[in-house]
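Survey of secondary and tertiary structure
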2 protein chains.
Amino acid sequence: MIGPHSYSAAGLGVPQKPLDGMAGPLSLRLGAHVPLSGEDLAALAHLAVRESAVAAHADLVRQGEPADTAFLVLEGIAARYVQRASGARQILALLLPGDLCDPDLAHLECWDHGIATLSPCRIARVPRAVLEELIATRPAVALAFRRTKLEAEARSRAWLTALGILLATERLVRLFREIVDRMHAVGLAGRNEGPLPLTQVDMAECIGTSTVHVNRVLQDLRRSGVVELKGNWLRLSDRAGLDAPAGE
Amino acid sequence: MIGPHSYSAAGLGVPQKPLDGMAGPLSLRLGAHVPLSGEDLAALAHLAVRESAVAAHADLVRQGEPADTAFLVLEGIAARYVQRASGARQILALLLPGDLCDPDLAHLECWDHGIATLSPCRIARVPRAVLEELIATRPAVALAFRRTKLEAEARSRAWLTALGILLATERLVRLFREIVDRMHAVGLAGRNEGPLPLTQVDMAECIGTSTVHVNRVLQDLRRSGVVELKGNWLRLSDRAGLDAPAGE
DNA sequence: CGACTAATTGATGCTATTCAACCACCGTGG
DNA sequence: CCACGGTGGTTGAATAGCATCAATTAGTCG
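Residue indices follow the written sequence of each chain, beginning from 1 at its first position. In the order they appear in the text, chains get letters beginning with A and ligands get numbers beginning with 1. This being a predicted model, a pLDDT of at least 70 is required before a residue's local features are given, and a value of 80 or more before pairs of side-chain atoms are given or counted; all residues contribute to the totals for chains, interfaces and linings. No hydrogens and no water enter the side-chain calculation; it runs on all heavy atoms of the structure.

Observations regarding the sheet that holds strand β5 (residues 89-95) of chain A
Convention followed: Only strands that DSSP links by at least two bridges are regarded as paired with each other. Numbering goes from the N terminus for both helices and strands, where a helix is a DSSP run of H or I of at least four residues and a strand is a run of E of at least two. Lines fitted to the C-alpha atoms define the axes, with helices restricted to the stretch that makes contact. Angles between their N-to-C directions range from 0 to 180 degrees. Contact criterion: two residues are considered in contact whenever any of their non-hydrogen atoms come within 4.5 Å of each other.
Sheet architecture is open: four strands sit in the order β2-β6-β4-β5 (chain A), paired in antiparallel fashion. Only two strands of the sheet have a single neighbouring strand rather than two, namely β2 (59-61) and β5 of chain A. Averaged over neighbouring strand pairs, the angle between their axes works out to 35° when direction is ignored. In the sheet, β2 of chain A pairs with strand β6 (residues 114-117) of chain A via two bridges, with the strands oriented antiparallel. Looking at β6 of chain A, one finds that Asp59 of chain A is bridged to Ala116 of chain A. With respect to the sheet, helix α4 (residues 139-165) of chain B is in contact with β4 (78-83) and β5 of chain A, its orientation differing from that of β5 of chain A by roughly 125°.

What follows is the structure, encoded as structure tokens:
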């Protein structure tokens, strides 16, 4: 049986595509946009060499540090965030397995935002030079990076829209949908359920509300049967999509 | 004397750099990132050939249309926006003189957001093929596009952060600061004052509040002497920066 | 002048914040 | 084994921020 803390896709009815082991989710993501050759895939697998386990809620980089390393998420959930002097934190985007934090790193001088893990993660650190060389020598990969980034930008626009015009309840459902959908796309979640290793504080920082309010909204959602969330395992009822239809 | 509706920089104490006439603001923007040759500048000036005047609050493209044309703002203010079924609209980003709506157009199939003028504008329409050729043949220009886009992404992150954690008053001041700063950067505004050809509805759609609330916040700001806004001309007191210091 | 768009105002109630306290769970060390 | 601290979750009451509806007042332009 699937434990709530399990990240495995086994038993979810998800066809687990047997690709190369290391950079599995990465090549899955990139391959969705551009067909990649065996050499491309090999080069990508090479990215995950400098890999390490990182505890939950740990900073990978802080705002203002020089941008000399990119991060590739292999397992777990990380996030870009901005922290203000007041202590308030806003999460800008989620980094799920297969996400490379920024292929355009080469053009940055220093980070204007921080990156931190939310759940325990396995992270690969990609030196700037390695990334630059990869982009220079493998055009298909470079193109895939670009398209993947455009996808991230589209998500960012949707996120911004949600903050601007949706109520907290709708924003939270949106967040859940995004996570399940993206996890599903890399074979780590089912169509309507998956792991959700976020604390309510994390969720609050995603959707721009207080923790207390997240708690209350979440209970409403549970009571009305829209979501089931227990021990880091999330299940969305079919209605969840219908309740926030115009979310685009 | 400068009329409130004037877009001219004359009399503002802004050194109006005498560059090529047509794509002035564009080359100003791009040149700030990458040194451009005379040939580069000539190629850019060529972009502004298909130029036309567009009235305020007119759509340039609607969400879902095929992405076959890019837009270059020569005068006025335009915006990217998302509109929901309910009619609520969220503005994602402002397009000021010198902004090219999307250099990555080539990788898009259709727009996931709309673009509309806010004030009366002069707009150049750049066919996809022209843009692609420019990027392919002029590497310095391509690089400048990329860097300029990164700048826009940084602004987008700041915008999202503002929506998530700032109060309406702070968000509005931020919006004003952004407009004046960016206009200043292309020589169309002074350091602390400039044109603001937006309606209160536009502002509300930018900062994600109701129009009524924008009106009230604006009056508070006027009463407390932070801003002076009369007939499309905005002046920010020096205090404006201090009142929202941690805005980054 | 009339028609339109933009700005303004008041009254009312919902949405969400804040502060505070309390509970449940989990791993640690005595 | 239980006492302990820590983190994350839950709850209540008071209040602030903001939306909504509705109506009124400038401005602007043909």
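What about helix α2 (residues 38-47) of chain B?
Since there are 3.6 residues in each turn of an α-helix, residues three or four apart along the chain are aligned in direction. Residues and elements named next belong to chain B. Spelled out, the test is: We call a residue buried when its accessible area falls under 20% of the maximum for its residue type, exposed when it is over 50%, and partly exposed in between, using a 1.4 Å probe and counting protein chains only. Taking the helix axis as origin, the arc is that swept by the directions to the C-beta atoms.
Three or more residues of α2 are buried, namely Asp40, Leu44 and Leu47. Within α2, the buried residues cover an arc of 40° as seen down the axis, which keeps them to one side. Set apart from the buried face of α2 by more than 90 degrees, the exposed residues are Gly38, Glu39 and His46. Summarising the contacts, the buried residues of α2 are in contact with α1 (24-31), β3 (69-75), β7 (121-127), α3 (128-137) and α4.

Notes on the protein's contact with DNA strand C
Counted only if it meets this: We call a residue near a molecule or strand as soon as one heavy atom of that residue lies within 4 Å of the molecule or strand. We define a polar contact as two N or O atoms separated by no more than 3.5 Å, with the added condition that, inside protein, one atom must be a possible hydrogen donor and the other a possible acceptor, whereas residues neighbouring each other in sequence contribute only through side-chain atom pairs.
By nearness alone, 17 residues border DNA strand C, and Ser210 of chain A together with Gln200, Asn215, Arg216 and Gln219 of chain B come closest of all. Taking all atoms of DNA strand C within 4 Å of the protein, the share assigned to sugar and phosphate is 60%. Separating a phosphate oxygen of DNA strand C from a side-chain N or O atom of Ser210 of chain A is a distance of 2.9 Å. Note that a phosphate oxygen of DNA strand C is positioned 2.6 Å from one of the side-chain N or O atoms of Gln200 of chain B. Listing elements by their share of the surface near DNA strand C, those giving two or more residues are α5 (168-185) and α7 (211-223) of chain A together with α7 (211-223) of chain B.

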